[in-house]
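Read off the chains here:
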Amino acid sequence: MFGLSQTAGYAIRALSCLESARCADKSIGGVAACSGIPRPYLSKIARRLSAAGVLVSRRGRRGGLALARPPAQISLLEVAEVFERENLFHGCLLGHGRCAEDPDCPMHAFWKPARERIREALRACSLADVIRYENLVAARRGVRRRRIRLCQ
């Protein structure tokens, strides 16, 4: 199945945990416990998100993690680009490195517009949409399983 890398998925999960009521402890350890992401891996993810301006990290007793902006202002594209630079957005679907924009490639006619649709869908979906989705899932858990659209 085609999708974002595990690291990008973890990053989105960790960021959404920061706005969740179930994650009262905003430290690396608290967010790791809330999200189920191994602490050392989350530390690396947090450093990259901080460098990209998505996350603010403070050390010390009153330290912890916080979103750099409101969730509605953070698109999934912004988060994904931190971790998917070459593979998803510039890579060849057949694994030949960077897309050469070669119309002779048997997958080029499919991949170029598909790649742009993926970018647009990720741009249109914000972290607030993910948080809203996760809140709905949590509220419905155990009551009734129903398919929920993430982004319109």
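Just above, that's the structure.
Residues numbered from 1 in each chain as written. Predicted model: local features only at pLDDT ≥ 70, side-chain atom pairs only at ≥ 80, totals over all residues. Heavy atoms only, no water.

*Asks:* What am I meant to see in helix H2 (residues 28-35) here?
*Replies:* An α-helix turns once every 3.6 residues. As a result, residues three or four positions apart point the same way. Along H2, six of the eight residues are buried, which leaves the element largely enclosed by surrounding structure. Where H2 is concerned, the buried positions are Ile-28, Gly-30, Val-31, Ala-32, Cys-34 and Ser-35. Buried residues belonging to H2 abut helix H1 (6-18), helix H3 (39-51) and strand E2 (64-67). Downstream of H2 by a residue or two, Gly-36 has a phi angle that is positive, lying close to 80 degrees. (Buried < 20%, exposed > 50% of the residue type's maximum accessible area, 1.4 Å probe, protein only. Helix = DSSP H or I, 4+ residues; strand = E, 2+ residues; numbered from the N terminus. Contact = heavy atoms within 4.5 Å.)

*Asks:* I would appreciate a short explanation of the packing of aromatic side chains in the present structure.
*Replies:* Both the distance between ring centres and the angle between the ring planes are used here to describe each pair of aromatic rings. Overall, the coordinates contain one aromatic pair when judged by the stated rule. Ring centres of Tyr-10 and Tyr-41 lie 5.4 Å apart, and the angle between their planes is 75 degrees; on these two criteria the pair is classed as edge-to-face. Note that Tyr-10 is positioned in helix H1 and Tyr-41 in helix H3, a separation of 31 residues in sequence. (Phe/Tyr/Trp six-rings, centres within 6.5 Å; stacked < 30°, edge-to-face > 60°.)

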